[in-house]
Amino acid sequence: MEEEAVTLLKAKCSEENYKKLVALNNPGVLDFVEKYVKLCHPGSVYVCNDSEDDRQYIRNKSLENGEERKLAIEGHTIHFDGVNDQARDKANTKYLLPGDTDLGASLNTVDKQEGLEEISGYFKNIMAGREMYVLFFCLGPTNSEFSLPCVQITDSSYVAHSEYILYRRGYEQLKRMGSTNRFFRYVHSAGVLEKGVSKNVDKRRIYIDLEEAIVYSINTQYAGNTVGLKKLSLRLAVRKASQEGWLAEHMLVMGIHGPGKRISYLAGAFPSTCGKTSTAMLKGETIVGDDIAYLRKKKGKIYAVNVEGGIFGILRDVNPKDDPAIWEALTSPGEVIFSNVLVSEEGIPYWLGGGREIPERGVNYSGQWYKGKKDFQGNDIPHAHKNARYTVSLYALKNVDPELDNPEGVETKGIIYGGRDSSICPPVQEAFDWVHGVITMGASLESETTAATLGKEGVRQLNPMSNIDFVSIPLGKYIDNHLKFVEGVDVPPSIFSVNYFLKDKGGKYLTAMEDKRVWIKWMELRINRDVEAIKTPTGYVPQYEDLKRLFAEVLDKDYPEDDYLKQFTLRIPENLAKIERITEVYTRKVSDTPEVLVNVLAEQKERLEIAGAKYGDYVPPSVFRGQETP
Ligand code: SPV
Ligand code: MN
């Protein structure tokens with residue numbers, strides 16, 4: 001290290017902190033830290049290693065500087081983001097595009113030079129008088145082929161604290177890797193604060209440098225925009241995975257407990273706020289992860305790991321009946337950060353749909369709140385934000401799967417794709433094979449937008465593999481990687497689609513929240529070929545008698561045949577319109593669409609048209625009975 005750099009770091013770090021940096025023996029880390037100390041000009045730098053003392057230091061800082069406040073239950077805190085900073089900002093999340101690269105039209109990009117100049121301007125001296133935290137975490141289990149070490153620089157102790165809860169520690173992991181430059185980097189500043197929240201959200205930027213594996217985030221606090229290891233790293237990982245032949249996905253991983261002591265692991269992709277966490281947390285099953293998974297092929301099998309060690313989950317509708325495990329963690333002593341909920345005078349957090357009576361007044365993201373409080377436009381301010389969240393460690397949950405930290409991952413026998421779809425897909429169906437599933441269920445996934453991202457809700461959008469917000473390579477290439485992923489695999493995972501949001505013509509939901517528990521058990525049985533299924537033009541659907549038995553066994557509930565009929569009737573006009581929409585996007589807006597995609601969609605269209613000509617627009621599954629199933 002140059003003399004000048006040593007002097008600068010020594011001036012900003014205590015002796016102990018300086019030693020922690022140097023002990024890593026990694027020039028890349030030193031250069032990175034020095035560069036941003038110079039640019040951001042913090043008052044001091046605190047370097048965290050894997051010690052409990054450093055974790056406690058961060059917790060204390062969050063309370064001292066007001067980024068978090070204590071709640072009534074021991075270990076619980078509340079953090080508020082600014083009024084307009086409570087979801088991911090897709091419009092201002094951009095890839096820095098070097099002159100000679102083509103990322104395809106679907107990605108939001110900014111010229112690299114221009115973007116770097118803009119963001120460097122924002123970072124200049126932004127940490128003056130503040131402390132900069134330098135932290136080390138690991139994506140995936142440590143000591144594993146999946147491990148990806150990361151370095152986070154931030155001036156937010158809330159971001160640092162969240163990462164301690166959400167990720168495995170990575171200081172020792174990085175040290176073991178010697179002078180490697182194979183680590184992801186993130187630089188974040190909340191920017192100028194006013195009443196504790198980012199003031200200049202109009203200058204909120206999340207810029208991703210794929211070549212350097214660095215993400216810059218500024219003038220924002222919402223974790224989806226700031227916590228480097230979450231969605232910022234998913235974008236870096238998608239590219240790395242593409243180069244190295246594995247997959248980085250927006251997926252839960254869970255163990256389904258089948259007959260006897262059989263456990264079958266599934267990975268499931270759902271867009272934000274579409275039931276991913278509640279599926280991963282289903283009663284009777286065990287959770288490996290609820291948001292991001294890496295998948296690798298090894299010795300003819302597919303293995304998955306949870307990239308994270310915690311949950312940044314949605315509070316809305318979490319209640320003791322539907323979510324007993326999470327409810328317990330959120331109402332017992334332990335480390336939990338709540339964000340953007342209402343806090344009563346007694347220090348109790350209230351969110352939307354929690355089932356508890358809301359107090360007359362309290363504090364929420366709008367400041368002092370009382371029933372009937374209105375915003376400037378005269379609209380009611382709800383007591384909590386729709387995208388209010390909790391941050392909790394998976395290790396605090398009773399239903400955590402024992403394989404969570406297995407460096408090998410879990411052998412994955414099924415993949416689920418689920419979207420928010422009120423009118424087309426049945427509650428569950430299975431693809432004919434891998435290619436059919438990847439194309440008609442993964443690449444064709446449509447979902448209605450939600451409060452997890454800024455912008456209008458309820459707009460139907462194509463969201464391939466539920467990962468569209470994080471795809472950092474040309475879309476056709478991303479899909480092709482999936483198609484090729486099972487080459488050399490003995491038995492490719494079964495692919496399923498689920499839809500928890502199907503409605504009847506009157507707009508009434510056709511399934512109940514708890515019905516997920518039945519669909520997942522059916523998938524487990526299908527993976528193991530324990531039940532037959534009915535072959536329809538869009539996939540295999542359950543036989544009524546199997547679901548009836550599962551409803552009785554799992555939910556102790558009757559399952560009338562009329563419910564089955566409404567849920568599983570094939571909706572031909574809606575399916576055909578969907579194929580047309582999707583084909584249009586892939587032929588006109590994506591320049592590198594794999595040819596097979598268009599063919600497989602055309603085949604599905606033909607099957608639907610033949611069925612429509614024979615049986616009419618709406619076809620009950622019994623019509624297709626008697627056709628062969630594997
Ligand atoms: C999502 O929106 O998909 C989340 C939360 O899991 S965020 O951290 O915002 O990505
Ligand atoms: Mn997510």
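Basis of the calculations
Residues numbered from 1 in each chain as written. Chains lettered and ligands numbered in written order. Predicted model: local features only at pLDDT ≥ 70, side-chain atom pairs only at ≥ 80, totals over all residues. Heavy atoms only, no water. Donors = N, O, S within 2.8 Å, 3.2 Å for Na, K, Ca; no water. Helix = DSSP H or I, 4+ residues; strand = E, 2+ residues; numbered from the N terminus. Buried < 20%, exposed > 50% of the residue type's maximum accessible area, 1.4 Å probe, protein only. Near = heavy atom within 4 Å. Polar contact = N/O pair within 3.5 Å; in protein donor to acceptor, adjacent residues only side chain to side chain. Areas by Shrake-Rupley, 256 points an atom, 1.4 Å probe, with all protein chains shown as cover. Nonpolar A, V, L, I, M, F, W, Y, C, P; charged D, E, K, R; others polar. Domains from an automatic or database assignment. 1 Å grid on protein atoms, 1.4 Å probe; cavity = no way out; pocket = protein on both sides within 12 Å on 5 of 7 lines; lining within 4 Å. Points joined across faces, edges and corners; volume = space filled by probe spheres on them.

## Section: the coordination of the manganese ion (ligand 2)
- Looking at the metal site, the manganese ion (ligand 2) is ligated by Lys231 (NZ), His250 (NE2) and Asp291 (OD), spaced 2.1 to 2.3 Å from it.
- Written as a sequence motif, the donor arrangement for the manganese ion (ligand 2) is K-x18-H-x40-D. Within this pair, whereas lysine 231 is found in helix H9 (residues 228-244), its partner histidine 250 is found in the loop between strand E14 (247-249) and strand E15 (251-257), the two being separated by 19 residues in sequence.
- Under the relative-accessibility criterion, lysine 231 is labelled buried at 6%.

## Topic: the site of ligand 1
- Looking at ligand 1, the residues that line it are Arg88, Tyr222, Gly224, Lys230, Lys231, His250, Ser272, Asp291, Phe312, Arg389 and Ala452.
- The separation between an oxygen atom of ligand 1 and a polar side-chain atom of histidine 250 is 3.2 Å.
- About the coverage of ligand 1: the protein hides 97% of its 280 Å² of free accessible area.
- Split by residue class, the shell around ligand 1 holds 3 nonpolar, 3 polar and 5 charged.
- Per-domain counts for the shell around ligand 1 show at least three residues from each of domain 1 (3-67 + 89-244) and domain 2 (247-307 + 402-624).

## Re the side chain of lysine 298
- In this fold, lysine 298 is placed in strand E18 (residues 293-298).
- With relative accessibility at 13%, the residue lysine 298 sits in the buried group.
- Here the side chain of lysine 298 touches glutamate 408 through a polar contact of 2.9 Å, landing on its backbone oxygen.

## A closer look at empty space enclosed by the protein
- Counted under the stated rule, the structure contains 4 cavities of 30 Å³ or more.
- Looking at the largest cavity, its volume works out to about 260 Å³.
- Along the wall of the largest cavity there are 23 residues; nearest its centre are Cys425, Thr440, Met441, Ser444 and Lys578.
- Of all the elements in the fold, those that place two or more residues in the lining of the largest cavity are strand E27 (410-418), helix H12 (434-442), strand E31 (494-498), helix H17 (572-589) and helix H18 (595-615).
- A total of 4 residues in the lining of the largest cavity trace back to one element, the largest contributor, which is H17.
- Residues of the lining of the largest cavity, tallied by class, amount to 9 nonpolar, 10 polar and 4 charged.

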